[in-house]
Amino acid sequence: MKRIYFDNAATTALDESVLAAMMPFLTEQFGNPSSIYSYGRETKIAIEAARRSVASILQAHPSEIFFTSGGTESNNTAIQAAVRDLGCEMIITSPIEHHAVTNTVQHLDDLDAVEVKYVKILPDGHIDLEDLERLLAASNKKVLVSLMHANNEIGNILDIDAVGMLCKKYDAVFHSDTVQTVGHFPFNLRNSHVHFITAAAHKFHGPKGAGLLYINESVRIRPFLHGGGQERNMRAGTENIYGITGFAKALELATGNYEKDRAYLTRLKTYMHEQLQNNIPGISFNGDVTGKSLYTVLSVRFPKTEKSEMILFNLDINNICASGGSACTSGAEQGSHVIRALNNDPTQVTVRFSFSKYNTIDEIDLVVAKLKELV
Ligand SMILES: Cc1ncc(COP(=O)(O)O)c(C=O)c1O
């Protein structure tokens with residue numbers, strides 16, 4: 001059986017036209033962008049064109065766009081800079097952030113650099129905005145709020161405009177991990193009260209190891225890597241030219257095809273949701289599946305049985321790639337921190353299916369038929 005890839009929230013396949021846009025910089029246009037002769041100038045021009053394109057799509061200023069190695073570096077940088085350079089002494093975050101955020105916050109907490117507060121999660125997996133306001137109002141310290149735009153495990157989407165307004169009201173710095181939404185949703189950063197957002201090209205058919213950190217022009221942070229003058233003295237090191245050009249091309253494609261891709265993927269997700277509900281008894285779903293949710297992610301809870309505990313393993317044997325809310329190592333369930341924080345129900349097994357434009361309804365039919373057998 002041909003492999004079925006339903007793990008697009010983990011990473012996506014490189015689009016052929018993105019590869020084509022990158023190729024010249026992997027072959028003949030190899031100059032160092034800092035060199036002053038033509039080879040260098042050509043690659044420098046390509047980087048700045050990529051920055052302008054990305055800035056225009058996100059409705060930001062090119063000077064607010066910094067290219068990085070991905071979501072992890074961008075999240076680390078934003079959070080650490082908010083504490084180091086912007087005077088934040090308290091971080092308000094949630095227990096369901098990606099590890100790139102939770103472990104950075106934990107690290108700062110371990111160093112006693114900050115006080116950390118966790119906002120409550122509602123039963124449907126959304127952030128309790130009333131609790132967020134209570135925490136903000138009760139703090140007499142400068143606060144960094146770090147809340148992700150869309151959750152990579154359950155798909156729930158945060159109202160970042162509402163959170164931005166709260167941060168504005170309480171003069172807090174706002175960082176949002178937008179790794180699952182850049183390339184999947186339109187952004188208007190000019191009208192958003194967010195100070196830092198992050199992205200990774202490989203989540204929208206771009207290359208791995210290419211990311212972005214948006215830093216609003218109102219905040220000034222110190223360099224994140226010391227060395228040469230690249231990225232306007234903020235991130236030293238010879239630029240990943242093919243990654244940067246690939247990032248920009250992937251974002252251009254995703255933006256150009258947004259309406260079409262969104263409609264198509266929504267149809268896939270809705271279809272799989274219905275098929276599972278109709279065919280597998282006792283099944284349920286994590287998060288706000290039919291509400292404010294990513295159209296790419298469907299997080300499914302199967303009743304725990306001897307068979308369903310082996311489900312990821314058996315899907316893999318059948319050439320179906322999906323991921324657990326849990327890491328299954330030699331039969332030992334480690335469990336996902338997100339699923340644990342939401343619903344620590346030991347009688348259920350979570351599997352995340354996540355879709356891309358390359359998936360089809362036929363693949364969903366095959367996967368649902370296989371799941372019927374496997375559980
Ligand atoms: C929400 C979220 N944040 C951060 C990351 C980390 O991105 P990267 O692997 O590109 O560093 C990911 C990807 O796994 C993610 O889904």
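This text follows the structure it describes.
None of the values given here were measured: they were computed from a predicted structure. (Residues numbered from 1 in each chain as written. Predicted model: local features only at pLDDT ≥ 70, side-chain atom pairs only at ≥ 80, totals over all residues. Heavy atoms only, no water.)

*Asks:* Sorry if this is basic, but what is going on with the overall build of the chain here?
*Replies:* In terms of helices and strands, the chain carries 13 helices and 15 strands. What you see for the chain is a C-alpha radius of gyration of 21 Å, in line with the 21 Å of a compact globule of 375 residues. C-alpha atoms of the chain, sized along the principal axes, occupy 65 × 55 × 40 Å. Among the 375 residues that make up the chain, the fraction classed as buried is 54%. Long-range pairs, those at least 24 residues apart, make up 71% of the contacts in the chain with a sequence separation of at least 6. Carbon and sulfur atoms make up 52% of the accessible area of the chain, which totals about 16500 Å². A distance of 3 Å separates the average location of the 35 positive side-chain charges in the chain from that of its 42 negative side-chain charges. (Helix = DSSP H or I, 4+ residues; strand = E, 2+ residues; numbered from the N terminus. Rg over C-alpha atoms; globule rule 2.2 N^0.38 Å. Buried < 20%, exposed > 50% of the residue type's maximum accessible area, 1.4 Å probe, protein only. Contact = heavy atoms within 4.5 Å. Areas by Shrake-Rupley, 256 points an atom, 1.4 Å probe, with all protein chains shown as cover. Lys, Arg positive; Asp, Glu negative; His and termini not counted. Charge placed at Lys NZ, Arg CZ, Asp CG, Glu CD.)

*Asks:* Quick question: what am I supposed to make of empty space enclosed by the protein here?
*Replies:* Unoccupied space between atoms shows up once a probe the size of one water molecule is rolled over them. One pass over the structure, following the stated rule, counts 3 cavities of 30 Å³ or more. Considering only enclosed or pocket space, the largest cavity measures out at about 170 Å³ in volume. Taken together, 19 residues line the largest cavity, and the ones lying closest to its centre are Gly183, His184, His205, Ala254 and Asp261. For the lining of the largest cavity, the secondary-structure elements that each account for two or more residues are helix H8 (241-256) and helix H9 (258-279). Each residue belonging to the lining of the largest cavity can be placed in one class, and the counts come to 9 nonpolar, 6 polar and 4 charged. (1 Å grid on protein atoms, 1.4 Å probe; cavity = no way out; pocket = protein on both sides within 12 Å on 5 of 7 lines; lining within 4 Å. Points joined across faces, edges and corners; volume = space filled by probe spheres on them. Nonpolar A, V, L, I, M, F, W, Y, C, P; charged D, E, K, R; others polar.)

*Asks:* Explanation requested: the side chain of His184 in the structure shown.
*Replies:* Looking at where His184 falls in the secondary structure, it is placed in the loop between strand S6 (173-176) and strand S7 (196-200). A distance of 2.9 Å separates a polar side-chain atom of His184 from the backbone oxygen of Lys203. Setting aside chain neighbours within four positions, we find His184 in contact with Lys203, Phe204, Tyr258, Tyr295 and Thr296. (Polar contact = N/O pair within 3.5 Å; in protein donor to acceptor, adjacent residues only side chain to side chain.)

*Asks:* How do you make sense of the packing of helix H3 (residues 71-85) against helix H4 (residues 99-110) when you look at a structure like this?
*Replies:* A pair of packed helices is captured by two measures, namely the crossing angle of their axes and the spacing between those axes. Contact geometry of H3 with H4 gives a least axis separation of 9 Å together with a crossing angle of 35 degrees. Of the two elements, H3 crosses H4, and the hand of that crossing is right-handed. Between H3, through Thr72, Asn75, Asn76, Ile79, Gln80 and Val83, and H4, the contact on the second element is made entirely by Ala100, Val101, Thr104, Val105 and Leu108. A class-by-class count of the residues in the contact of H3 with H4 yields 6 nonpolar, 5 polar and no charged. (Axes fitted to C-alpha atoms, helices over the stretch in contact; angles between N-to-C directions. Left-handed = near helix turned anticlockwise from the far one by under 90°.)

*Asks:* What is the right way to look at the environment of Pro95 in this model?
*Replies:* Looking at the secondary structure, you find Pro95 in the loop between strand S3 (90-93) and H4. The exposure class assigned to Pro95 is partly exposed, which follows from its relative accessible area of 28%. Considered as a pair, Pro95 and Val173 are 78 residues apart in the sequence and their alpha carbons are 19 Å apart. Non-local contacts of Pro95, meaning those with residues more than four positions away in its chain, are made with Tyr118, Val119, Ile121, His337 and Ala341.

*Asks:* Sorry if this is basic, but what is going on with the nonpolar core here?
*Replies:* When a protein is soluble and globular, its nonpolar side chains tend to lie buried together. If you look at the biggest cluster of nonpolar residues, it comprises 80 residues, and the most contacted ones within it are Val145, Met272, Leu276, Phe353 and Leu371. Look past the residues within four positions of Leu371 in its chain and what remains in contact with it is Met272, Leu276, Ile280, Phe302, Ile311, Leu315 and Phe353. Ala81, Ala82, Val173 and Ile215 belong to the second largest nonpolar core, which has 23 residues in total. (Core = buried A, V, L, I, M, F, W, Y, C linked by side-chain atoms within 4.5 Å.)

*Asks:* How should I be thinking about the pairing of strand S8 (residues 211-215) in this particular structure?
*Replies:* Sheet faces and side chains relate simply in a regular strand, where the side chains alternate between the two faces. Counting buried residues in S8 gives 5 out of 5 residues, a clear majority hidden from the surface. Burial along S8 is two-sided: Gly211, Leu213 and Ile215 and Leu212 and Tyr214, pointing in opposite directions, are all buried. Bridge count between strand S2 (residues 65-68) and S8: 4 bridges; the pairing is antiparallel. The residue of S8 that forms the bridge with Phe66 is Leu213. Bridging between S7 and S8 involves 5 bridges; their strand directions are antiparallel. Note on S8: the bridge partner recorded for Ala199 is Leu212. (Pairing = 2+ DSSP bridges.)

*Asks:* Quick question: what am I supposed to make of the layout of surface pockets here?
*Replies:* For the largest pocket, the calculated volume is near 330 Å³. A per-element tally of the lining of the largest pocket places helix H6 (residues 160-169) first, with 3 residues. Of the residues contributing to the lining of the largest pocket, the split by class is 9 nonpolar, 8 polar and 6 charged.

*Asks:* I would appreciate a short explanation of the sheet that holds S2 in the present structure.
*Replies:* Strand pairing in a sheet is mediated by backbone hydrogen bonds. Such pairs are either parallel or antiparallel. With mixed pairing, the 7 strands of this open sheet are ordered in space as S2-S8-S7-S6-S5-S3-S4. On the outer flanks of this sheet lie S2 and strand S4 (115-118), each paired with one strand and no other. Across the sheet, the mean angle from the axis of one strand to that of its neighbour is 20 degrees, orientation sign disregarded. Most of the contacts of helix H2 (residues 38-58) go to S2, to which it runs at about 120 degrees, and overall it touches S2 and S8.

*Asks:* Hey, could you run me through the pattern of salt bridges in this one?
*Replies:* As enumerated under the stated definition, the model contains 15 salt bridges in all. Two residues, Arg235 and Glu73, come together in a salt bridge whose shortest N-O distance is 2.5 Å. With a gap of 162 residues between them, Arg235 in the loop between helix H7 (230-233) and H8 and Glu73 in helix H3 connect regions that are remote in the sequence. Both residues of the pair, Arg235 and Glu73, belong to the buried class. Residue Lys142 pairs with Asp171 through a salt bridge whose shortest N-O separation is 3.7 Å. With a gap of 29 residues between them, Lys142 in the loop between helix H5 (129-138) and strand S5 (143-146) and Asp171 in the loop between H6 and S6 connect regions that are remote in the sequence. (Salt bridge = Lys/Arg side-chain N within 4 Å of Asp/Glu carboxyl O.)

*Asks:* Any chance you could explain unusual backbone geometry here in plain terms?
*Replies:* Glycine aside, residues mostly have negative phi angles, and peptide bonds mostly take the trans form. Positive phi, close to 55 degrees, is recorded for Gln59, a residue that is not glycine. The residue Gln59 is located in the loop between H2 and S2 in this model. The backbone of Asn319 shows a phi angle near 65 degrees, a positive value even though the residue is not glycine. Judged by relative accessible area, which is 30%, Asn319 ranks as partly exposed.

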